[in-house]
Structures are given as structure tokens and as C-alpha cells.
Amino acid sequence: MGSYNPLVFVLGLVTAAGVSGVAYLLAVARGGDEKALGRLYGPLFFTLGVFSLGAVAQLYWTNWAGRPVPHYTELFGVATGLFAFMMVLAGFYLYQGLELKALAWPSAFLGLYLLQGARAVLDFGLTRNPPLTALMWGAAGLASLGILFYAYSRPDPGPDGPGGLPHRLYGLLRPHRQRRGGRRLKGPRVCGPMPKALPGMG
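About the criteria used
- Residues numbered from 1 in each chain as written.
- Predicted model: local features only at pLDDT ≥ 70, side-chain atom pairs only at ≥ 80, totals over all residues.
- Heavy atoms only, no water.
- Helix = DSSP H or I, 4+ residues; strand = E, 2+ residues; numbered from the N terminus.
- Contact = heavy atoms within 4.5 Å.
- Core = buried A, V, L, I, M, F, W, Y, C linked by side-chain atoms within 4.5 Å.
- Buried < 20%, exposed > 50% of the residue type's maximum accessible area, 1.4 Å probe, protein only.
- Axes fitted to C-alpha atoms, helices over the stretch in contact; angles between N-to-C directions.
- Parallel < 35°, antiparallel > 145°, perpendicular 65-115°, else oblique.
- Left-handed = near helix turned anticlockwise from the far one by under 90°.
- Nonpolar A, V, L, I, M, F, W, Y, C, P; charged D, E, K, R; others polar.
- Salt bridge = Lys/Arg side-chain N within 4 Å of Asp/Glu carboxyl O.
- Patch = residues over 30% accessible without salt bridge, like charges linked within 9 Å, V, L, I, M, F, W, Y side chains within 5 Å.
- Areas by Shrake-Rupley, 256 points an atom, 1.4 Å probe, with all protein chains shown as cover.
- Expected span 1.5 Å × (residues − 1).
- Bend = angle between axes of the 7 residues up to and from the residue.
- Polar contact = N/O pair within 3.5 Å; in protein donor to acceptor, adjacent residues only side chain to side chain.
- Phe/Tyr/Trp six-rings, centres within 6.5 Å; stacked < 30°, edge-to-face > 60°.
- Lys NZ or Arg CZ within 6 Å of the ring centre and 35° of its normal.

Chemist: So what exactly am I meant to see when it comes to the side chain of Ser107 here?
Modeler: Mapped onto the secondary structure, Ser107 falls in helix H4 (residues 101–124). In this structure, Ser107 is in contact with Met86, Ser144 and Ile147, ignoring residues within four places of it in sequence.

What follows is the structure, given as C-alpha cells:
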């Protein structure tokens, strides 16, 4: 192969996207403002997608390996193209604050393709370290499929606050406790304090 390998460039872009995605999800889980976070991370994802499109062009229209390598082009070229498409869409959706459910289905399709790619890498030994490459592709595929479940477990917030499966589970598991007079009592307080004496009683 030549001195420049676009696959290394693609790997760097995928790594940057993974780190950025984890940082975004952690910020959301900690209660950050999703619209503000979308304005912050949306342009980053969009930029990664545009650079990935450049990597796709190099894989398909340049003699980057110094010899024909159709199996690499088919496997990595298609995957990089789908990755670029998803990153551009994710950047646009996050920046505009749009609903993630529409993005979840293309992401699930990409996840299935990545899982198939991981199997192909193992079966045909397409890289110098097939198990490591398959592990990376498999993890990315599972993460892409997880976006589908993540998007549909987070309905729009209702009047009582944020909805979604994580919030509902937290509400069920959280103990209802309150302090009164220095003592810790279980259960909600359902009535006011008892009067000292009832009317008509001496």
C-alpha cells in the first residue's frame, strides 16, 4: 500500500464520532439542556460527516492501495458512505432540535450492515487483525441499533416533567421518604397533623 491509507483516516473519524457521541449522551443523562447540547454537538457531527464523504471519494476514485482491492472498497467504502450519511443527518437533526425517531431507523440499518461487516472481516481475514476489527465494527453496529431503542424510549415531555423509560423506572424505584421532626418516615404524607382535641370533647 502507499504511504497514505484512507482507512486510517476513516478509523480516526469513527473514533472521534464515538467519543463525541458518548460525551453527548452523558451530558444529556446528567440533565443538560438538549437544545443547547444539540447546537454544540450538531456542527461537530456534521463536520465529521463531510470529512467522511471525502474519505469515501478517496476509497472509490483513487488508486490508494497501489493495486486493485475491490474487497476493501466494497466493505469499507459502503460502510464509510453510510457512516457519512448518518453523521450529516445527525448533525442537522441535533442542530435543528428535531425528533430523533426519524433518524433511528437509518441508524438501525447501518447497525445491521456493520454487524454483517464484522462477520465478513472474521470469515475472510480482511485486515491484519481481524478479531480487533470485528470487535470495533460489532460494537459500532450494536450502538447504532441501540439508538432505535433509545429514541423510542424517550417520548415528548408531558406537563409533569420529562417522560421516557429511564424517568419512569427512576420514579418507580425511588423510595418515597420525607423527614418530619427529625425522624425519617416511609411513604408520602397523606393528611395534616392531628388536632390536640376534637370538638365536643373535654
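Chemist: Hey, could you run me through the nonpolar core in this one?
Modeler: The tendency in soluble globular proteins is for nonpolar side chains to be buried side by side. Judged by nonpolar contacts, the single largest core of 36 residues is most densely connected at Phe45, Trp64, Phe76 and Trp137. Put simply, the parts of the chain that give this core at least two residues each are helix H1 (6–29), helix H2 (34–61), helix H3 (70–96), H4 and helix H5 (130–152). When residues in this core are grouped by element, the largest group, ten residues, is from H3.

Chemist: Can you walk me through the packing of H1 against H2 in this structure?
Modeler: To characterise two packed helices, one gives the angle between the axes of the helices and the distance between these axes. In the contact formed by H1 and H2, the axes pass within 10 Å of each other and the chain directions differ by 165°. The angle between H1 and H2 falls in the class roughly antiparallel. With respect to the hand of their crossing, H1 and H2 are arranged in left-handed fashion. Partitioned by chemical class, the residues of the contact of H1 with H2 number 19 nonpolar, five polar and one charged.

Chemist: What exactly am I supposed to notice about the pattern of salt bridges here?
Modeler: Side-chain pairs of opposite charge can arise whenever the charged atoms involved come near each other. Under the definition given, this model contains one salt bridge. Between Asp123 and Arg119 there is a salt bridge, with the nearest N and O atoms lying 2.3 Å from each other. On the criterion of helical spacing, the pair formed by Asp123 and Arg119 is a turn pair, its members being four residues apart in helix H4. Taking the relative accessible area as the measure of exposure, Asp123 reaches 46% and is therefore partly exposed. For Arg119, a relative accessible area of 39% gives the class partly exposed.

Chemist: Which parts of the structure should I look at to understand a nonpolar patch on the surface?
Modeler: A cluster of nonpolar side chains, contributed by Leu11, Leu132, Leu135 and Met136, occupies part of the molecular surface with about 370 Å² of accessible area. Here the element with the most residues in the nonpolar patch is H5; it accounts for three residues. Tracing the sequence through the fold places Leu132 in helix H5. Judged by its relative accessible area of 45%, Leu132 falls in the partly exposed class.

Chemist: Whenever I open this one, H2 confuses me. Can you help?
Modeler: In an α-helix, one turn spans 3.6 residues; hence positions three or four apart end up facing the same way. Its 28 residues give H2 an end-to-end C-alpha distance of 39 Å, which sits within 8% of 40 Å, the value for a rise of 1.5 Å per residue. Of all bends in H2, the biggest is about 35°, found at Tyr41, and the proline Pro43 comes one to four residues later. Elements in contact with the buried residues of H2: H1 and H3. At the N-terminal end of H2, a side-chain oxygen is found 3.3 Å from the backbone nitrogen of Lys35, two or three residues along, and the residue is Asp33.

Chemist: Any chance you could explain the environment of Leu100 here in plain terms?
Modeler: Here Leu100 shows up in the loop between H3 and H4. For Leu100 and Ala151, which are 51 residues apart along the polypeptide, the C-alpha to C-alpha distance reads 5.9 Å.

Chemist: What should I look at first to understand the packing of aromatic side chains in this one?
Modeler: The description of two aromatic rings rests on the distance between their centres and on the angle between their planes. Inspection of every chain in the model, using the stated rule, returns seven aromatic pairs. Look at Tyr24 and Tyr41: their rings are 5.7 Å apart centre to centre, the planes differ by 70°, and that puts the pair in the edge-to-face class. Of this pair, Tyr24 sits in helix H1 while Tyr41 sits in helix H2; the two residues are 17 residues apart in sequence, bridging distant segments of the chain. Judged by relative accessible area, Tyr24 falls into the buried class, the value being 8%. Measuring from ring centre to ring centre gives 5.8 Å for Tyr72 and Phe76, while their planes differ by 15°; the resulting arrangement is stacked. Placement of both Tyr72 and Phe76 in helix H3 is noted, with a separation of four residues, approximately one turn of the helix. Phe76 matches Tyr72 in its accessibility class, with the two residues each being buried. One cation-aromatic arrangement involves Arg39 over Tyr95; the distance from NZ or CZ to the ring centre is 4.3 Å.

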